[in-house]
Amino acid sequence: MSNKNQPAVADALNALLADSFALYLKTKNYHWHVKGPSFRSLHLLFDEQATQILATTDLIAERVRKNGAATLRSIGDISRHQSIKDDDAASVDAETMVRNLAADNETLLAQLKDAKTAAEADGDIATSGLVDGWADETQQRIWFLKATLA
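Here goes a summary of the coordinates provided. (Residues numbered from 1 in each chain as written. Predicted model: local features only at pLDDT ≥ 70, side-chain atom pairs only at ≥ 80, totals over all residues. Heavy atoms only, no water.)

1. Notes on the packing of aromatic side chains
Across all of its chains, the model carries 2 aromatic pairs by this definition. Ring plane angle 50 degrees and centroid distance 6.3 Å describe the contact between Tyr-30 and Phe-46, whose orientation is recorded as tilted. Residue Tyr-30 is located in helix H1 (residues 6-33), and its partner Phe-46 is located in helix H2 (residues 39-66); the two are separated by 16 residues in the primary sequence. Phe-46 sits in the buried class, given a relative accessible area of 0%. Judged by centre distance (5.1 Å) and plane angle (75 degrees), the ring pair of Trp-143 and Phe-144 falls under edge-to-face. (Phe/Tyr/Trp six-rings, centres within 6.5 Å; stacked < 30°, edge-to-face > 60°. Helix = DSSP H or I, 4+ residues; strand = E, 2+ residues; numbered from the N terminus. Buried < 20%, exposed > 50% of the residue type's maximum accessible area, 1.4 Å probe, protein only.)

In C-alpha cells:
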C-alpha cells in the first residue's frame, strides 16, 4: 500500500467502526424490547441484523491495524467517534424502531462510502473490496427494514 492517504483510511474506518458498534447496540436494544403484533418477526429480524453488524466489527478494526493505525479502545472512544445516536428511551413503538434502524443503516452506508473513497484514493484495494461487501449487507438491511413498513 502507498500509505499516502493512510490517516484518511484509518479515520474513515474508525468512524465506521464506532457507528457499527452504536448500530449493533441499538439493534440489540430493539431486539430485546420490541413488542406488538409483529413481535416475533421483528425480534428475529433485529437479532439477525445485530449478528451481521457485530460480525463486521473485527474485520473493520483489523483493516485499521493493517493500515498501521490504532483503532478504538473503549466505549468512551466509540462515543467520541459515533454519529449514530443512542436510543435510551424507556419505550419505543415497533414502527419507530424500524424507521430508526433504517435511517441508522443509511448513515452507516454513508460511512461505508466515505471509507471506500478514502481507500480508493490510497490505492488500498483490500479495504475497498471489503467495503463493497459490507455496503451490500447494509443495503439489504435497509431494504428488509423498509419492506416491513410497506
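Picking up where we left off.
2. A few points about the environment of Leu-54
The topology assignment puts Leu-54 in helix H2. With 37 residues separating them in the primary sequence, Leu-54 and Leu-17 have C-alpha atoms 9.8 Å apart. Discounting chain neighbours no more than four positions away, the residues touching Leu-54 are Phe-21 and Tyr-24. (Contact = heavy atoms within 4.5 Å.)

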